[in-house]
Amino acid sequence: MMLQNNYTNELNETQYICDVCSEVITNPLCPFCLTIEIEAWLTLYPTLKKELLPRLNKYLSKINSKITNYGTECIKCKSKRAFVCTYCFTEYVFNELQEINAGKLVLKEFFDFFNFDLGHAGYTRDAEELGVIE
């Protein structure tokens, strides 16, 4: 009986869609937790960190002020803040890196560590055109 109840609860869980692309969030890692991981990676690039983090923090404060305690539960922090999918957020970061003229090595590393373009239909193509990946 307990298994059936747990299974029923899982089926009844609300599915949230990404505020950017309107797709169901299937990798519920919130942009706040992703930013912490990106910040850790950026310790290798202090100048880049100074340029990129204010942009990410501005983006996060803008989306955080709109919505509080809404979205899919993040698998890392357990807060209900996964209202932007990992794909859309990492695409945003990838675009910001390009805008601040990050080098190909940095773009490749970012892509290697934070690629959520699992279908290879989005910013993977951009990375290929830039010669970041083959």
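What counts, and where the lines are drawn
Residues numbered from 1 in each chain as written. Predicted model: local features only at pLDDT ≥ 70, side-chain atom pairs only at ≥ 80, totals over all residues. Heavy atoms only, no water. Axes fitted to C-alpha atoms, helices over the stretch in contact; angles between N-to-C directions. Helix = DSSP H or I, 4+ residues; strand = E, 2+ residues; numbered from the N terminus. Parallel < 35°, antiparallel > 145°, perpendicular 65-115°, else oblique. Contact = heavy atoms within 4.5 Å. Nonpolar A, V, L, I, M, F, W, Y, C, P; charged D, E, K, R; others polar. Core = buried A, V, L, I, M, F, W, Y, C linked by side-chain atoms within 4.5 Å. Buried < 20%, exposed > 50% of the residue type's maximum accessible area, 1.4 Å probe, protein only. Salt bridge = Lys/Arg side-chain N within 4 Å of Asp/Glu carboxyl O. Disulfide = S-S within 2.5 Å.

Participant: Residue-level account of the packing of helix α4 (residues 86-99) against helix α5 (residues 104-114), with values.
Facilitator: The interhelical angle for the contact between α4 and α5, taken along N-to-C directions, is 170 degrees, at an axis separation of 10 Å. With respect to α5, the axis of α4 lies roughly antiparallel. Counting all contacts with α4, which are made through T90, V93, F94, L97 and Q98, the residues of α5 involved are V106, L107, F110, F111 and F114. Residues that form the contact of α4 with α5 fall into these classes: eight nonpolar, two polar and no charged.

Participant: So what about unusual backbone geometry? Which residues, and what values?
Facilitator: Phi angles above zero are rare outside glycine, and S22 is one such case at about 65 degrees. Along the polypeptide, S22 turns up in the loop between α1 (2-12) and α2 (31-41).

Participant: Please provide a residue-by-residue account of the nonpolar core, values included.
Facilitator: Membership of the largest hydrophobic core comes to 36 residues, with the highest contact counts inside it found for I38, W41, F89 and L97. At the level of secondary structure, the elements contributing two or more residues to this core comprise α2, α3 (46-66), α4 and α5. Among the elements that take part in this core, α3 stands out by supplying seven residues, more than any other. If sequence neighbours within four positions are ignored, I38 has contacts with L52, L56, F89, V93, F110 and F114.

Participant: Explain the pattern of salt bridges residue by residue, including any values.
Facilitator: Scanning all chains against the criterion turns up four salt bridges. Here E99 ties to R55 by a salt bridge, and the two come within 3.0 Å at their closest N and O atoms. With a gap of 44 residues between them, E99 in helix α4 and R55 in helix α3 connect regions that are remote in the sequence. Exposure remark for E99: the relative accessible area of 54% places this residue in the exposed category. Shared partners join several salt bridges into a network, and the residues in it are R55, E96 and E99.

Participant: Provide a residue-level description of the side chain of T35, including the pertinent values.
Facilitator: Among the structural elements, T35 can be located in helix α2. Leaving out residues up to four positions away in the same chain, T35 has contacts with L53, L56, L60 and F89.

Participant: Break down the state of the cysteines for me, with residues and values.
Facilitator: What the rule picks out here adds up to zero disulfides. With no disulfide partner, C21 has as its closest neighbouring cysteine sulfur the one in C88, 3.7 Å distant. Note on C74: no disulfide assigned, nearest cysteine sulfur contributed by C33 at a separation of 3.7 Å. With relative accessibility at 1%, the residue C74 sits in the buried group.

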